Every structure is written in structure tokens, then in C-alpha cells.
Amino acid sequence: MGRREQREQIFKLLFRVEFNTPEEMPQQREFFLEQIKLPPEDDGMAAKEKDITYITDKFERIQDQIAGIDRLIDEKAEGWSVARMGKVELTILRLGVYEILYDQDIPDSVAINEAVELAKKYGQDNSGAFVNAVLAKFLCSGQGEKQ
């Protein structure tokens, strides 16, 4: 599984945060991981243990930072609050902001590009532009420095 596929799986797992309580998330995570461990019938590509580890570790690091990331998104998304955003866009923004601010292995431009691609695939018509605009503000404000 490549980084793009791993990121997409992290997005899908992170999306569940919006529909489950924190107490339910460990079980939801296990359900999700069992699904991606099963090889799809068409291509036989099951997630390998290294993929599972990467997905799980990154998901948990993002989940630990959600409150702070949401505050930052509220600051940057003029005219929008996380409470008003679509759940798909919010989840993609959380992932993108995490990669910009905390993931040393992901260049900022890659984080933004991948977030926009996810938004185009899973979001509504203008989701890509919205995600791009919000994430770009993290770079313009100097907040794109990795922590």
C-alpha cells in the first residue's frame, strides 16, 4: 500500500470520529482494521502489518490533536466554523493540518495536494477549492512550520 492509499485509509478511519463517541472509537478502529486486512476479491491486495501500524499510529496521533487542530481550523476558515463544515471536508482538513504542522515526513505541498485530491474524490463540487484555501492559510501565516 502506498502513502496515498494509507492516507485514504486514515481519512476513512478518522471520518468515524464524527459519528462515534471517544469510548466507541477503539472498537470502531478494530472493525475498520479488520475490514482492510481482508483481501479484496478483485485484486488480492490486503493491508500488510506495516500499513496497519502506520495507519493506526497516525490516526491516534491525529485523534490526540483534534481539539487543537479544530481551534486552528476555526481561526483560518473565515466565515466558517468546524461546527458548520461538512464532515468530509472537516475530516480532510484535520488530516491536512496535522500533516502540515506535525508530520516531518510529509512536505507541506504534498499534504495540501493530497488533501485536495481527497476532497475532490469524497467531497462536494467545491470541496477541493475550499480545502486548498483553508490549508494554504496555514502556510501563508507561517504556521506551516513543523512542530
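Residues numbered from 1 in each chain as written. Predicted model: local features only at pLDDT ≥ 70, side-chain atom pairs only at ≥ 80, totals over all residues. Heavy atoms only, no water.

*Asks:* Residues and numbers for the packing of aromatic side chains, please.
*Replies:* For the structure shown, the criterion picks out five aromatic pairs. Chaining the aromatic ring pairs together yields one cluster made of Phe11, Phe15, Phe19 and Tyr122. Taking the ring centre of Phe138 as reference, the NZ or CZ of Lys76 above it sits at 5.8 Å. Lys87 extends its terminal NZ or CZ atom over the ring of Phe19, reaching a point 5.8 Å from the ring centre. (Phe/Tyr/Trp six-rings, centres within 6.5 Å; stacked < 30°, edge-to-face > 60°. Lys NZ or Arg CZ within 6 Å of the ring centre and 35° of its normal.)

*Asks:* A description of the environment of Glu114 should follow, citing residues and the corresponding values.
*Replies:* Checked against the element boundaries, Glu114 lands in helix α5 (residues 108-122). Residue classification places Glu114 among the buried residues on the basis of a relative accessible area of 10%. Considering only alpha carbons, one finds Glu114 and Asn132, 18 residues apart in sequence, at a separation of 9.9 Å. With sequence-adjacent residues up to four places away left out, Glu114 is seen in contact with Arg4 and Arg7. (Helix = DSSP H or I, 4+ residues; strand = E, 2+ residues; numbered from the N terminus. Buried < 20%, exposed > 50% of the residue type's maximum accessible area, 1.4 Å probe, protein only. Contact = heavy atoms within 4.5 Å.)

*Asks:* Talk me through the pattern of salt bridges; I want residue IDs and the actual numbers.
*Replies:* Scanning the model with the defined rule gives 13 salt bridges in all. Linking Glu114 and Arg4 is a salt bridge whose minimum nitrogen-to-oxygen distance equals 2.8 Å. Of the two residues, Glu114 sits in helix α5 while Arg4 sits in helix α1 (residues 3-15), which places them 110 residues apart along the sequence. A residue is classified by how much of its surface remains accessible, and Arg4, at 46% relative accessible area, is partly exposed. Sharing partners across several salt bridges, the network here consists of Arg4, Arg7, Lys58, Glu99, Asp103 and Glu114. (Salt bridge = Lys/Arg side-chain N within 4 Å of Asp/Glu carboxyl O.)

*Asks:* Please give an account of the packing of helix α4 (residues 87-102) against α5 that cites residues and values.
*Replies:* Where α4 contacts α5, the two axes come as close as 9 Å, and the packing angle between them is 170°. In this view, α4 runs roughly antiparallel relative to α5, as classed from their interaxial angle. Every residue of α5 that contacts α4 at Val88, Ile92, Leu95, Gly96, Glu99 and Ile100 is listed here: Asp108, Ala111, Ile112, Ala115, Leu118, Ala119 and Tyr122. (Axes fitted to C-alpha atoms, helices over the stretch in contact; angles between N-to-C directions. Parallel < 35°, antiparallel > 145°, perpendicular 65-115°, else oblique.)

*Asks:* Pulling in residues and values, what's your account of the confidence of the model for the protein chain?
*Replies:* For the protein chain, mean pLDDT is 89; residues scoring 70 or higher make up 89% of the total. Predicted confidence in the protein chain is weakest over helix α2 (residues 25-37), with a mean pLDDT of 89, and strongest over α4, with 97. (pLDDT = per-residue confidence, 0-100.)

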